[in-house]
Amino acid sequence: IFQTALLVFFLIIIHWILNHTITFPKYESLKTLVISLSKIFLLLGTILILLKQGLIKKCYVNLKRPRLDLSVVSVTITLLIVFNPIIGSVSLFSQKDITSYVESILIQRNDFLVFLNLVIVIPIFEELLFRGIIFNGLKNNYSPFIGLFVSSVLFGIFHIDILGSTVMGVWLCWVMHKTNNVTLCILAHSACNLLSFLFRIIVKDTQGRNFFTYIGENAIVISIIMFLLVIGVFYISIKKFDSASPA
């Protein structure tokens, strides 16, 4: 737990330093991408150190080709969790701060650099960190429950939709625990961010805003349907994950 806290604190400091030292005037998306890539290289260095010290196993950070059926289920349940209107609306921030944050995102350009950072770089970084290192490290030293709880709560705290991200973290930790395949987690996370990227484009026009207004007005019904779908898909596919569990 101390090592987890130290790692997270170290990455926060590194992010702050990079954010205040890297400057690309008029190219904010390039700055964000460079910061994310820098953190990935630092994380990979940390992984090599942890592997040499025997604190994590190589199989936990190996990018293995996932099974198609498990990929479909992992992506489907992740999307149903994250985009559940009720779960996704719970945040530690005030409504004013959330609105300001959303508006700041919408005015940004949706170019290739944003896509690359949001859909590819960030999912790789966060899944290697939260599922590959933190979850598995705590699981090996304490228990799967401790690893799942700590890594998921940390993952939620670092996102504006704390409840949705925490539940997403719980689900992806379970996937990691069952399969030892971090690629599945990256794929699900990437699909989630891809849909968020597309939503940013849609919501900029009037029809797009009307679409999200409709969702907000029917949030309870939509949330219940999505929750029931999660239960149904999970129940149907649980044996598939059991068959993928490492010996």
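What counts, and where the lines are drawn
Counting restarts for each chain, with residues numbered from 1 along the sequence as it is written. With pLDDT at 70 or above as the cut-off, local features in this predicted model cover only qualifying residues; side-chain atom pairs require 80 or more to be listed or tallied, and sums for whole chains, interfaces and linings still use all residues. To obtain the side-chain values, all non-hydrogen atoms of the structure were used and water was disregarded. Salt bridges are defined by distance alone: a side-chain nitrogen of Lys or Arg within 4 Å of a carboxyl oxygen of Asp or Glu. Each helix is a run of DSSP H or I of at least 4 residues and each strand a run of E of at least 2, with the numbering of both proceeding from the N terminus. The classification of residues rests on relative accessible area computed with a 1.4 Å probe and restricted to protein chains. Under 20% of the type maximum is buried, over 50% is exposed, and intermediate values are partly exposed.

Asks: Just checking my understanding: could you explain the pattern of salt bridges for this structure?
Replies: Pairing is possible between side chains of opposite charge, provided their charged atoms come close. The full count for this structure, using the stated rule, is 4 salt bridges. Glu-127 serves as the salt-bridge partner of Arg-131, at 2.7 Å between the closest nitrogen and oxygen. Taken together, the positions of Arg-131 and Glu-127, both in helix H6 (residues 112-141) and 4 residues apart, correspond to about one turn of that helix. Residue Arg-131 is classed as buried on the basis of its relative accessible area of 0%. Across the pair Lys-178 and Asp-242 runs a salt bridge whose closest N-O atoms are separated by 2.8 Å. Of the two residues, Lys-178 sits in helix H8 (residues 162-179) while Asp-242 sits in helix H11 (residues 219-244), which places them 64 residues apart along the sequence. Given the relative accessible area of 17%, Lys-178 is considered buried. For Asp-242, a relative accessible area of 38% translates into the label partly exposed. Several salt bridges converge on common partners, so that one network encompasses Arg-67, Asp-69 and Lys-240.

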